[in-house]
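# Coordinate inspection notes
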Amino acid sequence: MLSTWRSGSNAYKTSLPPLGGRPLRAFIGWGGIILKDAGVDLLAALKEYYRAVQRESCGRCVPCRVGTKLILQILEKLSEGDQSALRRQLKSIALLVQQGSKCELGQSAAKPALDFLDNFDRLASSAPGEGGPAEYKAVVAAPCMQRCPAHLDIPRYMECTQEVRFREGLDVIRESTALAGVLGRVCVHPCEDHCRRGLVDEPLAIRGIKRFLADYELGRGRRPRLDGARMNGRPPVAVIGAGPAGLSCAYQLARRGYKVTVYEALPVAGGMLAVGIPPYRLPRDILQGEIEAIKELGVDIQYNTRVGREISFKELLQSYRAVFIATGLHESARMGVEGETAGYEGFVPGVKYLRNLNLGLPVPRGKSIAVVGGGNVAMDCARSSVRLGFEEVYLLYRRSRAEMPANECEVRDAEAEGVKFYFQVNPVRIVAEDGKVKGVECVRMELGEPDASGRRRPVPVPGSEFFLSCEVLVPAIGQVADLSFLDGMEGLEVTKGGTLAVDPVTLATKVPGVFAGGDIVLGPRTVVEAVAQGNRAALSIDQYLTSGKVKAGPQDLVDAWLKEFGVFDAVEEVGLPSGWPRKEEKAAPVEERLQDFREVELGFDFDDGVAETARCLRCYRVGLMVF
Amino acid sequence: MVTLTIDGRQVAVPEGTTILEAARRLDIRIPTLCYHPLLRPLGYCRLCLVAVEGAGKPVTACNTPVAEGMVVHTSTPEIEEWRKGIIEMLLSQHPADCLTCEKAGDCDLQDCAYQAGVKGPAWKAEVASLPVLRDNPFIVRDYNKCIVCGRCVRVCLEVQGNAALELVGRGIETKAGTVDPAGLKEAGCVFCGNCLQVCPVGALTERAGEGRGREWELKKVRSICSYCGVGCNLTLYVKDGKVVKVKGYENPEVNNGWLCVKGRFGFDYIHSPDRLTKPLIREGARGSGNFREATWEEALDLVARELREIKESHGPDVLGFLCSAKCTNEENYLLQKLARGVMGTNNVDHCARL
């Protein structure tokens, strides 16, 4: 074993996970060389590596475009013998490629050549070819792209934006999702946590750029346009639930030429995007515009059609050769406190509160409201209540601010809009008079030992009970599934958490032809994870309907490998000067935004949008697996 | 304002200023190739790499904004070595035909190589030779000489708003090209030639000027385009009293150097034997085709006399005045003044309306 690969903590990396069970003999990539088998012909592998780099090089900057080609040429000459003059040339070229390339692709691609030269004596003395001829597999990864559950090609649409090729940027996004405008607004952007620019100063506004591109299209008077094969003779597929998972699955299947029918229980499509997330975060015309574009690909959405009521699950199985279950979690978890099931006026669970609000159905009104919970649903309930005209909006959370699962920006905005936070407080009893909520009895909590989630477990402080007066009480402490529509279905497994059990990669259930994804599988999670699962399910369904079998594909294996190997190094020293601040999206002032449910965040203008992308380090990295 | 130090000298510049712009305020020259002051900087060529204290890697001066307290060195032995290396890399895939290149003497790559003391390519990159494209009457495209600065792509997009050009290919094969591989016309090119104006090397050259004079033989004459009233500033490239080619003159008050197809390529009328260079007065019957040369004085007297006679015998409204988009606003104003104020008719129209 020989490794030149150092992580930011300076330790040599020696672990080389197998690819789908197949062991690697060596890996050449952005951090150097990991050689497990001395019999590998390293020079041949290096040449293959630089051929892969040349294929990936965008050709914009001189060191990467020309330099990596010259490295390849010199390596080819080196095969003819050890020529020290050539090695000196190689070193000076590789150094220039490392120091002078425009993006990480070129900068990191110089490392294997430099490491090869630095360890020439040891590496050249290996016995090439002993292990038999090598097989190669080139991989391209970027930390942001790998971190995104849907693996959006982020560096590419950043570059398109930088070069004002907006249409192309949208096409890149739409390879992975039809919901550019939606995700551009409500995505929790895990990609930004793995943005290497963030190691220098602040991460790129990746989500904001996605929105910028989607908005630019609309601003030009164009409707979202999706490309794909129109409906053809491929078998019909049923999707249950028109939320982000269901819509994504339908979109990707329609692009492959399948006739997809989506069964939606509600009168609107979008799932939680339509009846969970409030319009001030996601204007409905944006959502419906993108759904219309999916429908134009030939996807049929049957509204007001609840599977288990209007049509049975068994009927679906008879009419369709494949079914994707993406019904989400549309029930609230119980708090388990006294009075919760009494049916008091003024008591409404969070998910129902938001659903009724968004469907124009009645919700309890009054002067004061208390929302229980610390997640995004609780924030949505509280911030919506401010807009409904409640004078006092309380938010009760049993841990401290730092432990809140809600996005920081949501908490910040809620505070700015006047929501009053009660931290380390838990309700114990609902107080009602004549069947109407009058308030809630609470107890103060203190933080004890960390629990399974790593967060410190809150425990009640004896004798600290107090009464909080309110007319409306909204618990938003979790979401659960209603799986009653599956009644009598043999073979579908339900987990302890009340979600559907599926193969974690292919999303296949134990019933052939039945797949499931989104919150119904993951539990209450994010839109982008739902999109990723919808996409993946479409792949499985396509596989199932063409070959009858479903298994992990080559890209699944590579993704799993990259995840295990690691593409992002949180302690890496990037070596760039800091102080190039991130552009922030404009937002409506508090006094304006509280008048109604108008959108709070206003996006980037042209100059800011394009300027922000100049900060992208374009962290593509090329790796070469040697088998 | 942001204060920073460049080569030991302090300078305060507005937030968002690039290192390159800040350096230019101090008259510190940083070599560039892909940078163009009128186009968005993208940091392609890497010639403007500078060292920033505290950072392990150099950054491009053209598109890195200044930061408070930044200490920049624009010329260290290491930086100079890299610049030389970059030029050598460019030359390694560039035809060595400066002897006969149309761009010789006006080539940014030549200048950069000269200033950096690079004598020639240290290596030769193995690249396929590309055909020289003469698929239109105006622009010759020799992408063997393209250094992928992206200026032509940017000018087409940012100035012309046309997006007919893009960078095509990967790796060493990357070149500027057209969005439709079939050619410029097919890609929607309007032949404004602004790409040609910004091309730093001999990749894009004027077809009309081919073989008609070296850069140092050509006299540069400032002029104004006569095609319309905008008054775009031109530089006429003249040899032996003949206009060989036309470029835009960078007058920021008017056209910033940008031109349209007419102003840049439509100059053959200048030396046309059919061009009227003196007033002619018809002799004999209409249609007989007999004209004689006259002085401006005689010609104008004749026109004035005839107009007056027509007005007196038939009234002013039998007269009509047509003016031209080739005239300035002021000239057009004067013509309608002549019609209304002197001749007494409102029959005034303009060719742009027809």
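Residues numbered from 1 in each chain as written. Chains lettered and ligands numbered in written order. Predicted model: local features only at pLDDT ≥ 70, side-chain atom pairs only at ≥ 80, totals over all residues. Heavy atoms only, no water.

### Looking at the domain arrangement of chain A
One widely used convention gives an interface's size as the accessible area the parts lose upon coming together. All names here are of chain A. For chain A, the assigned domains are domain 1 (3-134), domain 2 (145-222 + 566-613), domain 3 (237-330 + 481-551) and domain 4 (332-479). Across the contact, seven residues belong to domain 1 and nine residues belong to domain 2. Contact between domain 1 and domain 2 buries roughly 570 Å² in total, counting both sides, with carbon and sulfur atoms accounting for 39%. Along the contact surface separating domain 1 from domain 2 lie two salt bridges. Its salt-bridge partner being glutamate 104, residue arginine 196 comes within 3.2 Å of it at the nearest N-O pair. (Domains from an automatic or database assignment. Contact = heavy atoms within 4.5 Å. Buried area = accessible area lost by both parts, 1.4 Å probe. Salt bridge = Lys/Arg side-chain N within 4 Å of Asp/Glu carboxyl O.)

### Things to note about the layout of surface pockets
A volume near 910 Å³ is recorded for the second largest pocket. Residue lining of the second largest pocket: 41 residues in total, with Arg60, Cys160, Glu163, Arg165 and Glu168 of chain A positioned closest to the centre. Listed by contribution, the elements that provide at least two residues to the lining of the second largest pocket are helix H7 (154-162), helix H8 (166-176) and helix H11 (206-219) of chain A together with helix H4 (151-159) and strand S7 (165-168) of chain B. The residue makeup of the lining of the second largest pocket, split by class, is 21 nonpolar, two polar and 18 charged. (1 Å grid on protein atoms, 1.4 Å probe; cavity = no way out; pocket = protein on both sides within 12 Å on 5 of 7 lines; lining within 4 Å. Points joined across faces, edges and corners; volume = space filled by probe spheres on them. Helix = DSSP H or I, 4+ residues; strand = E, 2+ residues; numbered from the N terminus. Nonpolar A, V, L, I, M, F, W, Y, C, P; charged D, E, K, R; others polar.)

### Details of the environment of arginine 141 of chain B
Residues and elements named next belong to chain B. As for its placement among the helices and strands, arginine 141 is situated in strand S6 (residues 139-141). Put simply, arginine 141 and glutamate 206 are 65 residues apart on the chain and 9.1 Å apart in space, counted from C-alpha to C-alpha. Once residues lying within four places of it in the same chain are set aside, the contact partners of arginine 141 are Pro131, Val132, Leu133, Asp135, Thr178, Gly183, Leu184, Ala203 and Leu204. Looking at arginine 141, its side chain comes within polar contact range of the side chain of aspartate 135, at 2.7 Å. Of note is the side chain of arginine 141, whose polar atom sits 3.2 Å from the side chain of tyrosine 143. (Polar contact = N/O pair within 3.5 Å; in protein donor to acceptor, adjacent residues only side chain to side chain.)

### Some details on the pattern of salt bridges
All names here are of chain A. Tallied over the full model, the rule gives 69 salt bridges over all chains. Put simply, arginine 281 and glutamate 410 hold a salt bridge, and the shortest N to O gap is 3.4 Å. One end of the pair, arginine 281, is in the loop between helix H13 (272-275) and helix H14 (284-296); the other, glutamate 410, is in helix H18 (residues 408-416), with 129 residues separating them in the sequence. Under the relative-accessibility criterion, arginine 281 is labelled buried at 15%. Across the salt bridge formed by arginine 621 and glutamate 572, the nearest N and O atoms sit 3.6 Å from each other. Residue arginine 621 is located in strand S22 (residues 621-626), and its partner glutamate 572 is located in the loop between helix H21 (554-565) and strand S20 (586-587); the two are separated by 49 residues in the primary sequence. Here the salt bridges do not stand alone but share partners, grouping Arg281, Asp380, Arg383, Arg387, Glu410, Asp413, Glu417 and Arg593 into one network. (Buried < 20%, exposed > 50% of the residue type's maximum accessible area, 1.4 Å probe, protein only.)

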